[in-house]
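What follows is the residue order along each chain.
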Amino acid sequence: MGEPEYESVVLVKQEVFVYKIPPRQSNRSYRAADWNLLDPIWTGRLRMVAKGRSLCVKLEDKSNGTLFANCPIESYPGVAIEAVSDSSRYFVLRIQDGNGRTAFIGLGFGDRSDSFDMNVALQDHFKWVKNEEKIEKEKVEPKQQLDLGFKEGETIKINMKITKKDGSEASSRLTGKKTGAGGLLPPPPGGNKISPPVAGSPSHQPASASGAAAGGTEWGEFTSAGVQSTTASDAAATPSKTNANWVQF
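Notes on the structure in this doc start here. (Residues numbered from 1 in each chain as written. Predicted model: local features only at pLDDT ≥ 70, side-chain atom pairs only at ≥ 80, totals over all residues. Heavy atoms only, no water.)

Quick look at the overall build of the protein chain
Move 1: A count of helical and extended segments in the protein chain gives four helices and nine strands.
Move 2: Put simply, the protein chain has 249 residues, and 23% of those count as buried.
Move 3: Considering only residue pairs separated by 6 or more positions, the protein chain has 54% of its internal contacts joining residues 24 or more positions apart. (Helix = DSSP H or I, 4+ residues; strand = E, 2+ residues; numbered from the N terminus. Buried < 20%, exposed > 50% of the residue type's maximum accessible area, 1.4 Å probe, protein only. Contact = heavy atoms within 4.5 Å.)

Considering the pattern of salt bridges
Move 1: With the rule as written, the count across this model stands at ten salt bridges.
Move 2: Residue D34 is joined to R28 by a salt bridge in which the shortest nitrogen-to-oxygen separation is 3.6 Å.
Move 3: On the basis of relative accessible area, D34 is assigned to the partly exposed category, the value being 37%.
Move 4: Overall, the relative accessible area of 47% leaves R28 in the partly exposed class.
Move 5: For E60, the salt bridge goes to R45, with nearest N and O atoms at 2.8 Å. Note that E60 is positioned in strand β3 (residues 54-60) and R45 in strand β2 (residues 42-51), a separation of 15 residues in sequence. The pair E60 / R45 is uniform in exposure class, with both members buried.
Move 6: One network of salt bridges, in which partners are shared, links K13, D114 and D117. (Salt bridge = Lys/Arg side-chain N within 4 Å of Asp/Glu carboxyl O.)

Considering the sheet that holds strand β5 (residues 81-83)
Move 1: The strand order β4-β3-β2-β1-β7-β6-β5 describes an open sheet built from seven strands, whose pairing is antiparallel. Single-partner strands in this sheet number two, and they are β4 (67-73) and β5. In this sheet, adjacent strand axes meet at a mean angle of 30 degrees when their direction is disregarded. (Pairing = 2+ DSSP bridges. Axes fitted to C-alpha atoms, helices over the stretch in contact; angles between N-to-C directions.)

Points about unusual backbone geometry
Trans peptide bonds make up most of the peptide bonds, and negative phi angles are found at most residues other than glycine.
Move 1: Geometrically, the link from Y76 to P77 is a cis peptide bond, its omega value of -5 degrees lying close to zero.
Move 2: Here P77 shows up in the loop between β4 and β5.

Some thoughts on the packing of aromatic side chains
Move 1: By the definition in use, this model includes five aromatic pairs.
Move 2: Aromatic pair W42 and F68: ring centres 4.5 Å apart, planes at 5 degrees, arrangement stacked. Taken as a pair, W42 in strand β2 and F68 in strand β4 lie far apart in primary sequence, 26 residues in all.
Move 3: Note on W42: relative accessible area 14%, which makes it buried.
Move 4: In this structure an aromatic cluster arises from ring pairing among Y19, W35 and Y90. (Phe/Tyr/Trp six-rings, centres within 6.5 Å; stacked < 30°, edge-to-face > 60°.)

Section: the nonpolar core
Move 1: Counting residues in hydrophobic clusters, the biggest one holds 25 residues, and the most contacted among them are L46, L59, L93 and M118.
Move 2: Contributions of two or more residues to this core are made by β1 (7-19), β2, β3, β4, β6 (90-96), β7 (102-108) and α1 (112-140).
Move 3: The residues touching L93, leaving out its near neighbours within four places in the chain, are V57, L59, C71, A80, I81, A103, F104, I105 and L107.
Move 4: Grouped together as the second largest cluster of nonpolar side chains are nine residues, Y19, A32, W35 and V84 included. (Core = buried A, V, L, I, M, F, W, Y, C linked by side-chain atoms within 4.5 Å.)

A word on the environment of S54
Move 1: Looking at where S54 falls in the secondary structure, it is placed in strand β3.
Move 2: Judged by relative accessible area, S54 falls into the partly exposed class, the value being 43%.
Move 3: Spatially, the C-alpha atom of S54 lies 9.3 Å from that of F126, the residues being 72 residues apart in sequence.
Move 4: A distance of 2.7 Å separates a polar side-chain atom of S54 from the backbone oxygen of K51. (Polar contact = N/O pair within 3.5 Å; in protein donor to acceptor, adjacent residues only side chain to side chain.)

Here we look at the pairing of β4
Move 1: Sheet topology places β3 next to β4; six bridges connect them, and they run antiparallel. From the neighbouring strand, V57 faces β4, where its bridge partner is C71.
Move 2: Counted along the chain from β3 to the antiparallel partner β4, the turn is six residues long, and its residue G65 has a positive phi close to 80 degrees.

Quick notes on the side chain of N70
Move 1: Within the fold, N70 resides in strand β4.
Move 2: Leaving out residues up to four positions away in the same chain, N70 has contacts with C56, V57, K58, I95 and Q96.

Next up, the structure:
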C-alpha cells in the first residue's frame, strides 16, 4: 500500500466574483467585456487545494464554507481554467458536479495581485508534478550509462607544455637535432691533425756527412740536440753552438 495522500491548501482568496458567460460562438478567446461585470451572480471565497498530484479550485461561502462550485484542474494552461484576452483579472472556469456534468463560468478578482498569485500557484504545482513524473520514469528506466572507454583503434592526442624555472614554457616535443653523448658535439670529420713542424727547428735539420764521420756515428749528436730547452723561434734565430755537426740552411 502506498502512503496516504493529504490535502494541502495552496491558495486562499477571501473575495472573488462569479459571472454568467454567454456561450462560445467561435474559437476566439473569451472576453470579459462581454460579461455583465457590474452584476456578478455570486461572491465568495476561493480555495485552491492539492491532494497528491490532483488540484482543484473550490468556491465556498465566506461565512459557513458551503461549497458553491468545484473546478478540477488536470493541467495548466488547459481547458479547466483559461485566461480571457482583454484582462488579467478574469478567467473562465470549467466547473463539475458530483454526477460529472460540467459548465463554464466567469471568475474575477478585484485586484490584479490576486490573479497573479493564482497564476503562480498553478505554475508551481504543475512544475512539481512534472518533476515527480520525471523521477518515477528514471526509476523504472534508469539513465543509460555513458561509455567513456576507448574503442578499438581509437587514440587520443594530448599537447603538454612544460614550465621551466624561469617561467617560460617549452613544448614536450624535442626540437632541433640531437647532440652527442654527454651533450658534446661530435668531432669534425678527418680525425685529429698534428700541426706541421716549424721551419728552422734543430730537431728537423738534416745532418752532414762530415758530421757523421767526426762523431763516429751519424746519430751520435741527435739525442743531445733534441733535449735542448730552446724554443723553436730561438733555434731559428741562432744556430746551436753545442752541435757543430748540423748545417744551417
